[in-house]
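The primary structure of each chain is shown beneath.
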Amino acid sequence: MSGLTHYLSLAVETIFIKNILLAYFLGMCSFLAISRKVETSIGLGLAVVFVNGITVPVNWMIRQYLLGPGALEWTGIAGMAAVDLSFLNYIVFIATIAAMVQLVEMVLDKVSPTLYQSLGIFLPLIAVNCAILGSSLFMVEREYDFMESSVFGVSAGIGFFLAIITLATIRYKLKYSNVPPGLRGLGIAMLITGLISMAYMSFSGINL
């Protein structure tokens with residue numbers, strides 16, 4: 001049960017307290033641009049959950065068995081245990097992310113062309129979204145194992161999803177509000193983002 005509690009704590013911490021958007025402000029460009037509409041926010045959020053949930057554990061395996069210090073020892077070839085290809089982390093991680101994004105693009109184009117058109121340029125930009133790459137780099141920095149990487153990847157995606165949906169629904173309601181002229185547009189969006197961040201951080205008091 002302690003193992004389940006650990007993974008649940010990691011999920012809650014990643015989704016709310018250390019939200020990839022609201023705590024680290026990664027991926028803010030698509031966050032602010034797409035959150036004008038709830039429908040497109042849901043589509044982008046689900047795409048991020050899928051891409052992040054797959055790429056983080058896949059990148060963990062790639063680093064563990066190919067790129068990390070001594071990762072090639074399993075080959076049994078003399079001298080391979082001393083090889084360190086970790087300088088290729090960025091290139092390989094981005095390539096993995098780009099492959100998953102391409103898969104999402106093809107599926108959305110076939111299943112929901114309307115959503116595919118609504119997301120526009122921001123869907124392929126997931127490949128270079130710093131929130132997606134940042135998740136894989138956090139996985140390396142925090143030295144997660146495979147299960148922790150899997151939980152972290154999905155949770156980081158869910159955190160992105162919840163954050164963008166929260167902002168999108170509030171911005172939708174603001175259409176019927178009398179916002180001061182100087183704050184309309186990105187001004188009020190940034191203020192709301194700060195307030196949402198503070199609200200999510202309130203989960204830091206939870207002790208599982």
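Residues numbered from 1 in each chain as written. Predicted model: local features only at pLDDT ≥ 70, side-chain atom pairs only at ≥ 80, totals over all residues. Heavy atoms only, no water.

An unreviewed UniProt entry annotates the chain as Na(+)-translocating NADH-quinone reductase subunit E originating from Prosthecochloris aestuarii. One UniProt comment on the chain, placed under Subunit (unreviewed entry), says "Composed of six subunits; NqrA, NqrB, NqrC, NqrD, NqrE and NqrF." (UniProt positions renumbered as here; feature names shortened; annotations may be inferred.)

Caption draft 1: Just empty space enclosed by the protein, in detail. Taken as a whole and judged by the stated rule, the model has 1 cavity of 30 Å³ or more. Lining the largest cavity are Leu10, Glu13, Thr14, Lys18, Ile20, Tyr24, Phe138, Arg142, Tyr144 and Phe152. At 3 residues, helix H1 (residues 2–17) tops the list of elements feeding residues into the lining of the largest cavity. Among the residues making up the lining of the largest cavity, the classes are represented as 6 nonpolar, 1 polar and 3 charged. (1 Å grid on protein atoms, 1.4 Å probe; cavity = no way out; pocket = protein on both sides within 12 Å on 5 of 7 lines; lining within 4 Å. Points joined across faces, edges and corners; volume = space filled by probe spheres on them. Helix = DSSP H or I, 4+ residues; strand = E, 2+ residues; numbered from the N terminus. Nonpolar A, V, L, I, M, F, W, Y, C, P; charged D, E, K, R; others polar.)

Caption draft 2: The arrangement of the packing of helix H3 (residues 38–67) against helix H4 (residues 89–111) in detail. Taken N-terminus to C-terminus, the directions of H3 and H4 make an angle of 145 degrees; their axes are 9 Å apart at the nearest point. Considering only the axes of H3 and H4, their crossing is right-handed. Together, Ala47, Phe50, Val51, Ile54, Thr55, Val58, Asn59, Ile62, Arg63 and Leu67 of H3 and Asn89, Val92, Phe93, Thr96, Ile97, Met100, Val101, Leu103 and Val104 of H4 make up the contact between the two elements. Considering only residue class, the contact of H3 with H4 consists of 14 nonpolar, 4 polar and 1 charged. (Axes fitted to C-alpha atoms, helices over the stretch in contact; angles between N-to-C directions. Left-handed = near helix turned anticlockwise from the far one by under 90°. Contact = heavy atoms within 4.5 Å.)

Caption draft 3: Region of interest: the pattern of salt bridges. Counting across every chain of the model gives 1 salt bridge. Two residues, glutamate 13 and lysine 18, come together in a salt bridge whose shortest N-O distance is 3.6 Å. For glutamate 13, a relative accessible area of 28% corresponds to the partly exposed category. Note on lysine 18: relative accessible area 33%, which makes it partly exposed. (Salt bridge = Lys/Arg side-chain N within 4 Å of Asp/Glu carboxyl O. Buried < 20%, exposed > 50% of the residue type's maximum accessible area, 1.4 Å probe, protein only.)

Caption draft 4: Highlighting the side chain of threonine 193. Tracing the sequence through the fold places threonine 193 in helix H8 (residues 186–201). Excluding its chain neighbours within four sequence positions, the residues that come into contact with threonine 193 are Leu22, Met28, Phe31, Leu32 and Leu167.

Caption draft 5: Representation of the nonpolar core. The biggest cluster of nonpolar side chains holds 49 residues, and the ones touching the most others in it are Leu21, Phe31, Leu44, Val51, Ile126 and Phe160. Counting only elements with at least two residues in this core, the list comes to H1, helix H2 (28–34), H3, H4, helix H5 (113–119), helix H6 (130–141), helix H7 (146–174) and H8. It is H7 that provides the largest number of residues to this core, a total of 7 residues. Setting aside residues up to four positions removed in sequence, valine 51 forms contacts with Ile97, Met100, Val101, Val104, Ile126 and Ile132. (Core = buried A, V, L, I, M, F, W, Y, C linked by side-chain atoms within 4.5 Å.)

Caption draft 6: Expanded view of the packing of aromatic side chains. All told, the structure shown has 7 aromatic pairs when counted by the stated rule. Seen from their ring centres, tyrosine 24 and phenylalanine 138 are 4.8 Å apart, and the 45 degrees between their planes marks the pair as tilted. Of this pair, tyrosine 24 sits in the loop between H1 and H2 while phenylalanine 138 sits in helix H6, and the two are 114 residues apart along the sequence. Residue classification places tyrosine 24 among the partly exposed residues on the basis of a relative accessible area of 31%. With centroids separated by 6.4 Å and ring planes inclined at 85 degrees, the aromatic side chains of tryptophan 60 and tyrosine 65 adopt a geometry described as edge-to-face. Look at tyrosine 65 and you get partly exposed, because its relative accessible area is 45%. Feature note: the residues Phe16, Tyr200 and Phe203 constitute an aromatic cluster, connected by ring pairs. (Phe/Tyr/Trp six-rings, centres within 6.5 Å; stacked < 30°, edge-to-face > 60°.)

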